[in-house]
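One letter stands for each residue in the lines below.
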Amino acid sequence: MDKEIDIEILKELKICILRDEQSLEDSLIKRLELAIKDHVEIIEKIAQNLQDSIDANFIDIIIANIENGTSCDIIKNIRAHSSQIPIILIVSPQSADRCIRESGLGSVQFIYNSSNLNDLLDALHFAARSVQNYKILEDKLNLLNQYKKAVDLTSIVSKTDTKGIITYINDKFCEITGYEVEELIGKPHNIIRHPSTPKEVFRELWQYIEHQKIWNGTIRNLAKDGSDYYVDSTIIPITDTKGNTTEYISIRHDITELKKALDKAEAAKRAKEEFLANMSHEIRTPLNAILGFVDLLRDKVKEQEEIEYVETIYKSGNILLKTINDILDFAKIEKGMLDVDMKPFEVLEELKHVLDLFMPKAKEKNINIEYHFSPSIPKYLISDIFRIKQILSNLLSNAIKFTPENRNIYFYVEYDSGESTLIFRVKDEGIGVSKDKLERIFNPFEQSDSSVTKRFGGTGLGLSISKSLAKVLGGDITLKSQENVGSEFTLYILAEPSTTAPIESQVQSKELDEETTKSLKNIKILAAEDNEANRAYLKIILTKSGMIVDFAQDGIEAIELFELNKYDCILMDENMPRLNGKESVKRIREIEKERGLKYTPIIALTALSLKGDREKFLEAGMDDYVSKPIDKKVLFESISKHTMKIDVDSTPFDGKPKLVLGDLANSLDMDEDDATMIIEVFKKSTAESLHYLKEAIKEGNLEEISKHSHKIAGSMGYMMGLDHVNKIAKECEIKSQNGEKIDYQYYYDKIKELIDKLP
């Protein structure tokens, strides 16, 4: 280091010299221009000088006329006041050995009486380094104390040894727990553990910290008075220089009030969900009967006036259905549970379908819809066309609704290939939106003013749902509008081009196919439905299709009828008095197991239609789900699927093998010996599949059940006389593929019984 720079640094030192001569002092002042704090000749002044922030002490090893001791005593006195102040002993070569012996009194440096300037600089540099290090340490200690103070003021702090025994707690820990320090030190930290906290939480906690990982989580604790509180806890392992864990420090924050607020919000959310579910049920249930009977009337009425009445009722019912669907869609979006189905679609074809839907409505008001599709639009794009059409339908419906007669609506579509964005513009010449309402128009239940609801109707949810749907599809909706001039909505949707054409979906006919209609004849149904109008509607459509129906008005009555009669299928409503659908199904399944009864398919027939409802019904032991208002075709196809008859018991074996060797040999063009060999191979391969099927049934593994049922069914394809066994295995395969939770042991037992009787 440059000596000149060193000297500048050294000039800042405060030095105390203990010497009976002033030659050294004079030398330091004259040659180095140092600030000498004092020249001390007696021990009594040492303590006083230490109060004045001395940076270094020069002490002569031999000082004449010291009244109260020796220089050794002076060093002891200095060290008693501070272990940090550097001490530089002034010695003669003769007294050097003595100095070395006395150096055990603390950190010291030596210079000779005859030292030159460089020796002095080295000694002072030692003092400067010591002072600098001390100041750094002091600053860090001061900062650390400030950190500790801040943590203590805001956090609950404790320390434990590696066995979880408390070694330190701060005041805030005592404050929240109600314990005194003496009651906690030396005790296991689980003294504050709440008994309801799952043991898995603490197993995970210890697994983390024992592997020197920081653990963070929310814990429910117990105070001394028995009250509980919640903390957000961070536990940090403390290690020594060798990397071994020596203790754990825990820093916690009281989140009891936050937890209560979250619980309250969760309870409010659940209440809201229950309200929506109940509202869905209460509206959809009578609506099911209204639309059902009106649909029946549409086929019967012939007079023009009667037709108009029926159509008015039908249209009004569908408006009501759209309203409830809007509300349920809004609920799904709020919960983040809205389904999207991203797949290829043919753009222009789908857009023409949308326009075809609204052209008649526009024509009624003499409104002209002018449209233009940009040539840049790819033939196929990937997105959810159903949701896109839902948004466009809302925008076009609003445009027609709010545009006076004899005006225009403009519908333009283009594609930005750089951004992979499909852009729609719907512009009208309608009533427009005022500037102060523009920002709120996409809010739920908002319309431009209260009079709009009275004049035009609607829930005020359409635009909110549309904007949310656009965002789910990776886009957005913007609005430009001027009051009494018109509005322009721009919809952006992310949509990648597709080289694959969409899979053509067959047009769903409202008529049942002949096979389904035939399969419903003489099916015996138990329908649990508390609504009288719905019971009447179900009776008509079920009995007209050849089914035999018994009705129960609640869950208790359904169980009683089930115990008295055999049914091919049960239709089960959920919201019923006395006992709801899920509890009724649970009891029916218990009765089947207790009495060894054949498994009865149960179809949920309910107005609940939020996402997750279907899964809940299947988990409850039901086999399918049909929502209200009922689509008759969907209901009948579900009944047909779950009541497929397999005539197993009508062809008993009577102890004789059904399979005839001669027939098999003839069909395969081989002799009976070869046919016997085929049977042996068949039995061996089937035995293996049966073993795995049995294990899969034990584990409830539907995928494996389907796999091994398929193998068994496939291996029977050429075995004459075993087609009915093939049907059993095939049904087992189909039901497991559909995820039906039924008694598959029944299928296994039947297959094994028949195969065991082979020759």
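Residues numbered from 1 in each chain as written. Predicted model: local features only at pLDDT ≥ 70, side-chain atom pairs only at ≥ 80, totals over all residues. Heavy atoms only, no water.

Caption draft 1: Structural detail: the overall build of the protein chain. Counting its regular elements, the protein chain contains 27 helices and 23 strands. Looking at the 759 residues of the protein chain, the share that counts as buried comes to 43%. A separation of at least 24 residues holds for 62% of the contacts in the protein chain among residues at least 6 apart in sequence. Total accessible area computed for the protein chain in this model is approximately 42100 Å², and 51% of it derives from carbon and sulfur atoms. (Helix = DSSP H or I, 4+ residues; strand = E, 2+ residues; numbered from the N terminus. Buried < 20%, exposed > 50% of the residue type's maximum accessible area, 1.4 Å probe, protein only. Contact = heavy atoms within 4.5 Å. Areas by Shrake-Rupley, 256 points an atom, 1.4 Å probe, with all protein chains shown as cover.)

Caption draft 2: Expanded view of unusual backbone geometry. At Asn406, a position not held by glycine, the phi torsion is positive, near 65 degrees. Looking at where Asn406 falls in the secondary structure, it is placed in the loop between α13 (385–402) and β14 (408–416). The class for Asn406 is exposed, based on a relative accessible area of 54%. Although it is not a glycine, Asn484 adopts a positive phi angle of roughly 65 degrees. Relative to the assigned elements, Asn484 resides in the loop between β16 (476–482) and β17 (486–494). A relative accessible area of 64% means that Asn484 is categorised as exposed.

Caption draft 3: Expanded view of the packing of α13 against helix α16 (residues 462–472). The contact between α13 and α16 brings their axes to 10 Å, and the two run at 145 degrees. Crossing of α13 against α16: the hand is left-handed. In contact with Arg387, Gln390, Ile391, Asn394, Leu395 and Asn398 of α13, α16 contributes Gly462, Leu463, Ile465, Ser466, Leu469 and Ala470. Across the contact of α13 with α16, the residue classes tally to 6 nonpolar, 5 polar and 1 charged. (Axes fitted to C-alpha atoms, helices over the stretch in contact; angles between N-to-C directions. Left-handed = near helix turned anticlockwise from the far one by under 90°. Nonpolar A, V, L, I, M, F, W, Y, C, P; charged D, E, K, R; others polar.)

Caption draft 4: Examining the pattern of salt bridges more closely. Counted according to the given criterion, the structure contains 18 salt bridges. Close ionic contact of Asp476 with Lys467 constitutes a salt bridge, the shortest N to O distance being 2.8 Å. For Lys467, a relative accessible area of 17% gives the class buried. Across the pair Arg595 and Glu563 runs a salt bridge whose closest N-O atoms are separated by 2.7 Å. Of this pair, Arg595 sits in helix α20 (residues 581–595) while Glu563 sits in helix α19 (residues 555–564), and the two are 32 residues apart along the sequence. Here the salt bridges share partners, and the residues they tie into one network are Arg587, Glu590 and Glu594. (Salt bridge = Lys/Arg side-chain N within 4 Å of Asp/Glu carboxyl O.)

Caption draft 5: Representation of the side chain of Thr600 in the model. Here Thr600 lies in the loop between α20 and β22 (602–606). Ignoring any residue separated from it by four or fewer positions in sequence, one finds Thr600 in contact with Phe562, Tyr567, Asp568, Cys569, Ile570, Arg589, Glu592 and Asp623.

Caption draft 6: Looking closely at the pairing of strand β10 (residues 245–254). Inspection of the sheet shows strand β6 (residues 156–160) paired to β10 by 5 bridges, in the antiparallel sense. Note that in β10 the partner of Val157 across the bridge is Ile251. Sheet analysis places strand β9 (residues 228–239) next to β10, joined by 9 bridges and oriented antiparallel. Counted as the bridge partner of Asp232 is His253 from β10. Counted between consecutive antiparallel strands, the loop separating β9 from β10 contains 5 residues, among which Gly243 sits at a positive phi close to 90 degrees. (Pairing = 2+ DSSP bridges.)

Caption draft 7: Layout of the sheet that holds β10. Spatially, 5 strands are ordered β7-β6-β10-β9-β8 in an open sheet, and the strand pairing comes out antiparallel. Strand pairing shows two members of the sheet lacking a second neighbour, β7 (166–169) and β8 (215–222), which therefore form its edges. Averaged over all adjacent pairs, the angle separating strand axes in this sheet is 30 degrees, with direction ignored. Taken together, the 8 bridges between β8 and β9 define a ladder with antiparallel strand orientation. Looking at the pairing, Leu222 lines up with Asp228 of β9.

Caption draft 8: Expanded view of the nonpolar core. In terms of nonpolar packing, the biggest core is built from 41 residues, with Ile388, Ile391, Leu392, Phe411, Val413, Phe424 and Leu491 touching the most fellow members. Elements that contribute at least two residues to this core include exactly α12 (347–364), β12 (368–373), α13, β14, β15 (421–428), α16, β16 and β17. Here the element with the most residues in this core is α13; it accounts for 8 residues. Ignoring any residue separated from it by four or fewer positions in sequence, one finds Phe424 in contact with Leu351, Ile388, Leu392, Phe411, Tyr412, Val413, Phe489, Thr490, Leu491 and Ile493. (Core = buried A, V, L, I, M, F, W, Y, C linked by side-chain atoms within 4.5 Å.)

Caption draft 9: The sheet that holds strand β18 (residues 496–497), seen in detail. The sheet built from 3 strands is open, its strands ordered β11-β13-β18 with antiparallel pairing. What marks the edges here is a single partner per strand, and that holds for β11 (343–346) and β18. Pairing analysis gives 4 bridges linking β11 to strand β13 (residues 380–383), with the strands arranged antiparallel. Bridge pairing in β13 links Phe345 to Leu381.

Caption draft 10: Representation of the packing of α19 against α20. Across the interface, α19 lies against α20 with an axial gap of 9 Å and an inter-helix angle of 20 degrees. Between α19 and α20, the crossing angle belongs to the class labelled roughly parallel. As for the relative orientation of α19 and α20, their crossing is right-handed in sense. Contacts between α19 and α20 involve Gly555, Ile559, Phe562 and Glu563 from the first element and Ser584, Arg587, Ile588, Ile591, Glu592 and Arg595 from the second. (Parallel < 35°, antiparallel > 145°, perpendicular 65-115°, else oblique.)

Caption draft 11: Molecular detail of α12. For α12, which comprises 18 residues, the first-to-last C-alpha distance of 27 Å matches the rise-based estimate of 26 Å (1.5 Å per residue) to within 8%. Phe358 marks where α12 bends most, by close to 35 degrees; the proline Pro360 follows one to four residues later. Looking only at α12, the buried set comprises Val347, Glu350, Leu351, Val354, Leu355, Phe358 and Ala362. Buried residues belonging to α12 abut β11, β12, β13, α13, β14 and β15. Directly beyond the C-terminal end of α12, a positive phi value near 55 degrees is found at Asn366. (Expected span 1.5 Å × (residues − 1). Bend = angle between axes of the 7 residues up to and from the residue.)

Caption draft 12: Structural detail: the pairing of strand β19 (residues 524–528). When you tally the buried positions in β19, you get 4 out of 5 residues, the bulk of the element. Bridge count for β19 against strand β20 (residues 548–552) is 5 bridges, and the pairing is parallel. If you follow Leu526 over to β20, its bridge partner there is Asp550. One crossover worth recording links β19 to the parallel β20 by way of helix α18 (residues 532–544), and it is right-handed. Direction of pairing for β19 relative to strand β21 (residues 569–572): parallel, over a ladder of 4 bridges. (Right-handed = clockwise from strand over helix to strand, strands pointing away.)

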